[in-house]
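Analysis of the macromolecular model
The primary structure of each chain is shown beneath.
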Amino acid sequence: MFNKIFKLIIAGLIIAFAGYQFYEGEIGNGIFLILLSLIFIFLYFRNEMILLAFLRMRKQDMIGTQKWLNRISNPEKALTTKQQGYYNYLHGIIFSQTNLTQAEKYFKKALKLGLTMDYDVAMAKLSLAGIAMQKRRKREATMLLQEAKKLDKNKMLTEQIKMMQQQMKKI
């Protein structure tokens, strides 16, 4: 919604006004304004459109996810590097349903830009392994599966990894 620099400027102005409120003796107003500025600082690190796209993704609404992602104009300027990674990660998930070549491009770009959570990196590598397996690149798929297995510390993807390994034996 707002440019990332604009968010920091708004937060800075609110904090400055909070300081003025503290100086005037209005402690409650100052505390409230500090808490209000934290919202803008949070939204600097977590883009609101990507958060809303993740909410649509949780409901399995790919069309709604795509609509929220399309509202981000010029993601290179509007998003931080990690946010760009998640932007591409979500696009990769959306295109993995229809266009594997496009999905592979988005997942690779997301991994290059970086994802915060190990689970997300593991999921991206698992998806890339599935794409590589469908394109008959067994060596690459095996390598990506091993990397995904290492990153899956909470064992949330073990079923999918085992299933993928069983399919690899058939190739």
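Throughout what follows, the structure given in this document is the object of discussion. Everything numeric here is computed off the predicted structure, so don't read it as measured data.

Cut-offs used in this document
Residues numbered from 1 in each chain as written. Predicted model: local features only at pLDDT ≥ 70, side-chain atom pairs only at ≥ 80, totals over all residues. Heavy atoms only, no water. Salt bridge = Lys/Arg side-chain N within 4 Å of Asp/Glu carboxyl O. Helix = DSSP H or I, 4+ residues; strand = E, 2+ residues; numbered from the N terminus. Core = buried A, V, L, I, M, F, W, Y, C linked by side-chain atoms within 4.5 Å. Buried < 20%, exposed > 50% of the residue type's maximum accessible area, 1.4 Å probe, protein only. Contact = heavy atoms within 4.5 Å. Patch = residues over 30% accessible without salt bridge, like charges linked within 9 Å, V, L, I, M, F, W, Y side chains within 5 Å. Areas by Shrake-Rupley, 256 points an atom, 1.4 Å probe, with all protein chains shown as cover. Phe/Tyr/Trp six-rings, centres within 6.5 Å; stacked < 30°, edge-to-face > 60°. Lys NZ or Arg CZ within 6 Å of the ring centre and 35° of its normal. 1 Å grid on protein atoms, 1.4 Å probe; cavity = no way out; pocket = protein on both sides within 12 Å on 5 of 7 lines; lining within 4 Å. Points joined across faces, edges and corners; volume = space filled by probe spheres on them. Nonpolar A, V, L, I, M, F, W, Y, C, P; charged D, E, K, R; others polar. Axes fitted to C-alpha atoms, helices over the stretch in contact; angles between N-to-C directions. Parallel < 35°, antiparallel > 145°, perpendicular 65-115°, else oblique. Left-handed = near helix turned anticlockwise from the far one by under 90°.

Before going further, it helps to examine the pattern of salt bridges. Taken as a whole, this structure holds 8 salt bridges when the rule is applied. Ionic pairing is found between Lys-135 and Glu-104, a salt bridge with its closest N-O pair at 3.1 Å. With a gap of 31 residues between them, Lys-135 in the loop between helix H8 (118-134) and helix H9 (138-151) and Glu-104 in helix H7 (residues 100-113) connect regions that are remote in the sequence. Between Glu-147 and Lys-125 there is a salt bridge, and its shortest N-O distance comes to 2.5 Å.

Let us now look at unusual backbone geometry. Look at Gln-60: it is not a glycine, yet its phi comes out positive at around 60°. Position of Gln-60 among the secondary structure elements: in the loop between helix H3 (48-58) and helix H4 (62-70). The phi dihedral of Arg-136 falls on the positive side, at around 65°, and the residue is not glycine. Within the secondary structure, Arg-136 is located in the loop between H8 and H9.

On to the nonpolar core, then. Most often, soluble globular proteins have nonpolar side chains that are buried together. Counting 34 residues, the largest nonpolar core has Ile-50, Tyr-89, Phe-107, Leu-115, Leu-126 and Leu-145 as its most contacted members. Going through the elements one at a time, H3, helix H6 (81-95), H7, H8, H9 and helix H10 (158-170) are the ones with two or more residues in this core. Of the residues forming this core, the biggest block, 9 residues, is contributed by H8. Not counting the four nearest positions on each side in its chain, Leu-126 is found in contact with Leu-145, Ala-148, Leu-157, Gln-160, Ile-161 and Met-164. The next biggest cluster of nonpolar side chains, apart from the first, holds 6 residues, and it includes Ile-10, Ala-18, Leu-33 and Phe-40.

Bringing a nonpolar patch on the surface into the picture now. The grouping of Ile-15, Phe-22, Ile-27, Ile-31, Ile-34, Leu-35 and Leu-38 at the surface amounts to a nonpolar patch, some 580 Å² of accessible area in total. Elements with a contribution of two residues or more to the nonpolar patch: helix H1 (4-24) and helix H2 (27-45). Structurally, Ile-27 is set in helix H2.

Okay, the packing of aromatic side chains next. Under the counting rule described, the total for this entry stands at 6 aromatic pairs. Relative to Tyr-86, the ring of Phe-54 has its centre 5.8 Å away and its plane inclined at 65°; by these criteria the two rings are edge-to-face. Linking Phe-54 in helix H3 with Tyr-86 in helix H6, this pair joins segments that are 32 residues apart in sequence. When its relative accessible area of 10% is taken as the criterion, Tyr-86 is described as buried. Ring pairing ties together the aromatic residues Phe-54, Tyr-86, Tyr-89 and Phe-107, which thus form one cluster. Taking NZ or CZ as reference, Lys-105 lies 5.1 Å from the ring centre of Tyr-106, over its face.

Moving on, we come to the layout of surface pockets. Here the largest pocket defines a volume of roughly 440 Å³. Secondary structure elements with two or more residues in the lining of the largest pocket: H6, H7, H8 and H10. When residues in the lining of the largest pocket are grouped by element, the largest group, 7 residues, is from H8. Class assignment of the residues belonging to the lining of the largest pocket gives a composition of 11 nonpolar, 6 polar and no charged. Of the voids in this model, the second largest pocket is the one considered here, and its volume is about 280 Å³. Elements that contribute at least two residues to the lining of the second largest pocket include exactly H3 and H6. Of the residues belonging to the lining of the second largest pocket, the class tally is 6 nonpolar, 3 polar and 3 charged.

Where H9 contacts H10, the axes come no closer than 11 Å and their chain directions differ by 160°. When the interaxial angle is binned, H9 and H10 end up roughly antiparallel. Every pair of crossing elements has a handedness; the one defined by H9 and H10 is left-handed. Between H9, through Lys-138, Ala-141, Thr-142, Leu-145, Ala-148 and Lys-149, and H10, the contact on the second element is made entirely by Ile-161, Met-164, Gln-165 and Met-168. Residues belonging to the contact of H9 with H10 are distributed by class as follows: 6 nonpolar, 2 polar and 2 charged.

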